[in-house]
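This is what each chain is made of:
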Amino acid sequence: MPAQLLDGRQIAKRMRERLAEARQTLGDRPVRLVSLEVGQNPAADVYVRNQQRAAAEVGIAMEVENLPVASTEAQLVEAISALNRRADVSGIIVQRPLPHGIDPRQVQMAIDPHKDVEGMHPANMGSILYREPLLPPCTAAAAQQLIVATGMDLRGAETVVVGHSEIVGKPIAVLLLHHLSTVTVCHIGTRNLADHTRRADIVVVAVGKPGLVHGDMLKPGACVIDVGINQGPDGKIVGDVDFASANEVAGFLTPVPGGVGPVTVAMLLRNTLRAAGASV
Ligand code: NAD
């Protein structure tokens, strides 16, 4: 029997409806999200347009500021400081990739943690160890939401996170620990990945390598969350999980595209509303 697809587009649509209601509770208070981009990257532009469309649906004004491609780190930090000071700006995001010579960590640290709607400032990242923070990292929160949407009992569930990056793998592992899952984190140094994934009730893959996880590496009925976004040679977007073989074995599976991605955008909007003072 094929896996039950976890339709991220549907889940994100329902979230946006709920967020639009939460937006109403703020009345005339401005809710503005500003996206900063250095230079112009066609891939990022598609992403920004999707974010703008979703923000408009919820009632969030999204402003896009493009800095010249030759901007220095100091100039980008100054642009961020100006947004930190603006009372009408609730959230700030900086589009990646950044040009060489600009350190993404320095840039993230320049954002006021209360306006860090991507949840990647060290203050927000650090507080995730205590409990889920007000502004959690969006992709990790999206992966968590998709798992919760299955209705599985997470307490004691064997969970394997493949990938240990700061922005995705590590925060996902920590968020799932809060549910009392038994979490194993696999990475480039892991000796035999399949030994771990085969015993997992939940597998989250966030690596950036198409086809890394195949159906024969999964336990029958497992919940598989594919965070990867890779462009194939034919230009198509694929995840890190081989969809056809995983679909034969998994109990739940996220498609790529249409899985984690749309829910991540919805999380960004949720964080923006929270930053503006909404209880959502
Ligand atoms: P990264 O390059 O920072 O980290 C990759 C991780 O994969 C590392 O922890 C590394 O140890 C691990 N890894 C590499 N090869 C491995 C192997 N053979 N076996 C096991 N682990 C291995 O990447 P990232 O920024 O965490 O992004 C991961 C993927 O998620 C990318 O495809 C990226 O495009 C995607 N992504 C998606 C979203 C979304 O919203 N859907 C958001 C951010 C990133």
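Residues numbered from 1 in each chain as written. Predicted model: local features only at pLDDT ≥ 70, side-chain atom pairs only at ≥ 80, totals over all residues. Heavy atoms only, no water.

Trainee: I'm lost on the overall build of the protein chain in this one. Help?
Mentor: A tally of regular secondary structure across the protein chain gives 10 helices and 11 strands. Scaling as 2.2 N^0.38, a compact globule of 280 residues should have a C-alpha radius of gyration of about 19 Å, and the protein chain matches this with 19 Å. Over its C-alpha atoms, taken along the principal directions, the protein chain stretches across nearly 50 × 40 × 35 Å. Classification of the 280 residues of the protein chain by burial places 50% in the buried group. At a minimum sequence separation of 6, the contacts of the protein chain that also span at least 24 residues come to 70%. Total accessible area on the protein chain is roughly 13,100 Å²; 55% of this is exposed by carbon and sulfur atoms. Side chains of the protein chain give 26 positive and 28 negative charges; the mean places of these two sets differ by 3 Å. (Helix = DSSP H or I, 4+ residues; strand = E, 2+ residues; numbered from the N terminus. Rg over C-alpha atoms; globule rule 2.2 N^0.38 Å. Buried < 20%, exposed > 50% of the residue type's maximum accessible area, 1.4 Å probe, protein only. Contact = heavy atoms within 4.5 Å. Areas by Shrake-Rupley, 256 points an atom, 1.4 Å probe, with all protein chains shown as cover. Lys, Arg positive; Asp, Glu negative; His and termini not counted. Charge placed at Lys NZ, Arg CZ, Asp CG, Glu CD.)

Trainee: Would you explain helix α2 (residues 42–58) in this entry?
Mentor: Between its first and last C-alpha, α2 extends 25 Å over 17 residues, near the 24 Å set by a 1.5 Å rise per residue. Buried within α2 we find A44, D45, V48, Q51, A54, A55 and V58. Check the buried side of α2 and you find it contacts α1 (8–24), β2 (32–38), β3 (61–67), β4 (91–94) and α10 (260–275). Immediately beyond the C-terminal end of α2, within one or two residues, lies G59, with a positive phi of roughly 95 degrees. (Expected span 1.5 Å × (residues − 1).)

Trainee: Mind showing me how you'd approach the domain arrangement of the protein chain here?
Mentor: Under the domain assignment, the protein chain is made up of domain 1 (28–113) and domain 2 (137–261). When each unit is reduced to the centre of its C-alpha atoms, the spacing between domain 1 and domain 2 is 29 Å. (Domains from an automatic or database assignment.)

Trainee: It is not clear to me how the site of the ligand should be interpreted in this structure. Could you clarify?
Mentor: As a matter of local geometry, the ligand sits amid 21 residues, with H164, S165, I188, K209 and I229 nearest to it. Between K209 and the ligand, the recorded distance is 2.9 Å, taken from a side-chain N or O atom to a nitrogen atom. In the model, an oxygen atom of the ligand is placed 3.1 Å from a nitrogen or oxygen of the T264 side chain. For the ligand, whose accessible area on its own is 870 Å², the fraction buried by protein is 73%. (Near = heavy atom within 4 Å. Polar contact = N/O pair within 3.5 Å; in protein donor to acceptor, adjacent residues only side chain to side chain.)

Trainee: Would you explain the environment of I237 in this entry?
Mentor: Looking at where I237 falls in the secondary structure, it is placed in strand β10 (residues 237–238). Using a relative accessible area of 35% as the deciding quantity, one classes I237 as partly exposed. Sequence-wise, I237 and V256 are 19 residues apart; in three dimensions their C-alpha atoms are separated by 7.0 Å. Those residues in contact with I237 that sit more than four places away from it in its chain are I229, N230, Q231, V256 and P257.

Trainee: So what exactly am I meant to see when it comes to the sheet that holds β4 here?
Mentor: Backbone-to-backbone hydrogen bonds join strands into a sheet, with any given pair of strands oriented parallel or antiparallel. With respect to topology, 3 strands assemble into an open sheet ordered β3-β2-β4, the strand pairing being parallel. Either end of the sheet is taken by a strand with one partner, and the two such strands are β3 and β4. Each strand of the sheet is rotated relative to its neighbour by a mean of 20 degrees, with strand direction disregarded. Looking at chain direction, β2 and β3 are connected through 7 bridges and run parallel. Across the sheet, the residue bridging to E37 is N66, located in β3. Where α2 meets the sheet, its contacts fall on β2, β3 and β4, and the angle it forms with β3 comes to roughly 160 degrees. (Pairing = 2+ DSSP bridges. Axes fitted to C-alpha atoms, helices over the stretch in contact; angles between N-to-C directions.)

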